[in-house]
Structures are given as C-alpha cells and as structure tokens.
Amino acid sequence: MNNMAANDFTHNTEIATFGTGCYWCTEAQFQLLKGVEKVESGFSGGHVDHPTYKQICYGNTGHAEVINIHYDPDVISYDELLEAFWASHDPTTLNRQGNDVGTQYRSVIFYHNEEQKQKAEDYKKKLSEEKIWKDPIVTEIAPFKKFYKADDYHQNYFNENGEQPYCHFVIRPKLEKFRKVFKDRLK
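The notes below deal with the structure included here. (Residues numbered from 1 in each chain as written. Predicted model: local features only at pLDDT ≥ 70, side-chain atom pairs only at ≥ 80, totals over all residues. Heavy atoms only, no water.)

### A few points about helix α6 (residues 165-181)
Its 17 residues place the ends of α6 24 Å apart at the C-alpha level, agreeing with the 24 Å of an ideal helix rising 1.5 Å per residue. By the largest-angle criterion, Ile171 marks the main kink of α6, which is about 40°, and a proline, Pro173, follows within four residues. Three or more residues of α6 are buried, namely Cys167, Ile171, Leu175 and Phe178. On the buried face of α6, the contacting elements are α1 (23-30), α3 (78-87) and α5 (157-161). (Helix = DSSP H or I, 4+ residues; strand = E, 2+ residues; numbered from the N terminus. Expected span 1.5 Å × (residues − 1). Bend = angle between axes of the 7 residues up to and from the residue. Buried < 20%, exposed > 50% of the residue type's maximum accessible area, 1.4 Å probe, protein only. Contact = heavy atoms within 4.5 Å.)

This is the structure in structure tokens:
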C-alpha cells in the first residue's frame, strides 16, 4: 500500500477519509477543490487485511470504498470538506448509491481525531434537524483504523478514463453539478 513520505508536501497537510459509494465519482469531485493536494481511492472499515478489489465487490469484508483526501487546512477547512461530502452523494440510502448496492457503497466518515469526529457528528445532527432530505441520514461516523489503497487503475479514474460509458453517464453529470455548487472553491 502506498504510504506517503513526510516530505511529500512542503507545507502542513491533513487527511480526511470519506466513503460516498463508488470512489471514482467522489475522487473526481474532491480533486477539483482548492487546497486538496492529493486524493487516493481505496478501502477502509473492514475486518480483512489487504483486501483485493474482487473481495470488496462481494461485500463481505466489511470495507467501504473510500477516498483519502490529503488537504492543506490553510486553504480548505475540514468543515468545507464536510460540506462537499454531504453534497456529493445521498446520505439517506443505506448501503447503496444509485445502482451500486452493498455495504462497500455505504455513506461513511472515518475520522482521524476527536475534532473531526465532533465536527462530523455536529454537521450530521444539523442536517438531520433541518430535514434537508425527506429520509433520515444513515451516514456512519467511525474511527479511522487502516486505509488500503486500491490498485493503480482505480486511481485518478475519471481523468484517465473520462470517455468510458460509466464516466460519461454517471460521473460527468455529478461533476457538472458539483462544479456549479462549489464554483468559488475550484482550482
């Protein structure tokens, strides 16, 4: 698995780990934001060490497809990343996003410290109280334990495969909507 060296960035960076269904969609969205230095697609939250993509697809390892977001908190805050998280998917569908069904596609925030945990819980509570969606939010908020980077062909997927049917018909419309909502925060 890819571990970043301490000198990979010349300034302060932090990590946020989010699962919003298929990581190809979310990776492409978060890559657009100012202050996001790197986005890695992978798996977290399961009980099998070093799972393969095939194992994840069966949905019995407990892992979720997630992205690790390396960001500069002096440019983009964790609160802003949470805003993008909630806007990037439907947090009311249990273990699914669109046609992707299974526990690996669950909505989840893996927090790296107590501040991230508190902010995630507060944001979820606020959205629930405001009844932004007609159905209850089912997003899991859990401690980060391990991240397993997906194979290289899953990384930067939309940018490398933008004309593939899935990219064209599923990811591209999500990106267009995301660009409109976050137009003042794009690179």
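Having put the structure on the table, let's press on.
### Notes on the sheet that holds strand β1 (residues 14-20)
Strand order in the open sheet formed by six strands is β7-β6-β1-β3-β2-β8, with mixed pairing between adjacent strands. The sheet terminates laterally at β7 (140-143) and β8 (147-149), the two strands that pair on one side only. With strand direction ignored, the average angle separating the axes of adjacent strands in the sheet is 35°. Pairing between strand β6 (residues 107-111) and β7: four bridges, direction parallel. Residue pairing for β7: Phe110 is matched across the bridge by Ala142. Most of the contacts of helix α4 (residues 114-130) go to β6, to which it runs at about 150°, and overall it touches β1, β3 (64-71), β6 and β7. (Pairing = 2+ DSSP bridges. Axes fitted to C-alpha atoms, helices over the stretch in contact; angles between N-to-C directions.)

### What to know about unusual backbone geometry
Within the chain, His50 stands out as a residue other than glycine whose phi angle is a positive 50°. Structurally, His50 can be placed in the loop between β2 (36-44) and α2 (53-58). Residue His50 is classed as exposed on the basis of its relative accessible area, which comes to 52%. One non-glycine residue, Lys131, lies in positive phi territory at about 50°. Examined against the element boundaries, Lys131 turns out to sit in the loop between α4 and β7. Given the relative accessible area of 65%, Lys131 is considered exposed.

### Some details on the nonpolar core
If you look at the biggest cluster of nonpolar residues, it comprises 38 residues, and the most contacted ones within it are Phe18, Phe30, Leu33, Ile69, Leu81, Ile109 and Ile171. When contributions to this core are tallied by element, the ones reaching two or more residues are β1, α1, β2, β3, α3, α4, α5 and α6. By residue number, the principal contributor to this core is α3, which donates six residues. With residues up to four places along the chain from it excluded, the contact list for Phe30 reads Phe18, Val36, Val39, Ile67, Ile69, Leu81, Ala84, Phe85 and Ser88. (Core = buried A, V, L, I, M, F, W, Y, C linked by side-chain atoms within 4.5 Å.)

### Considering the packing of aromatic side chains
By the definition in use, this model includes eleven aromatic pairs. Measuring from ring centre to ring centre gives 5.8 Å for Tyr23 and Phe43, while their planes differ by 55°; the resulting arrangement is tilted. Remark: Phe43 occurs in strand β2 and Tyr23 occurs in helix α1; sequence separation between them is 20 residues. Of the two residues, Tyr23 and Phe43, both sit in the buried class. Judged by centre distance (6.2 Å) and plane angle (45°), the ring pair of Phe30 and Phe178 falls under tilted. Within this pair, whereas Phe30 is found in helix α1, its partner Phe178 is found in helix α6, the two being separated by 148 residues in sequence. A network of ring pairs unites the aromatic residues Phe18, Phe30, Tyr78, Phe85, Trp86, Tyr123, Phe178 and Phe182 as a single cluster. Directly above the ring of Tyr123 sits Lys126, whose terminal nitrogen or CZ lies 6.0 Å from the centroid. (Phe/Tyr/Trp six-rings, centres within 6.5 Å; stacked < 30°, edge-to-face > 60°. Lys NZ or Arg CZ within 6 Å of the ring centre and 35° of its normal.)

### Overview of the packing of α1 against α6
It is the contact of α1 with α6, at a shortest axis distance of 10 Å, that shows an interaxial angle of 40°. Taken as a pair, α1 and α6 cross one another with a handedness that is right-handed. Only Tyr166, Val170, Ile171, Lys174, Leu175 and Phe178 of α6 make contact with α1, whose side of the interface consists of Trp24, Cys25, Ala28 and Gln29. Residue composition of the contact of α1 with α6, grouped by class: eight nonpolar, one polar and one charged. (Left-handed = near helix turned anticlockwise from the far one by under 90°. Nonpolar A, V, L, I, M, F, W, Y, C, P; charged D, E, K, R; others polar.)

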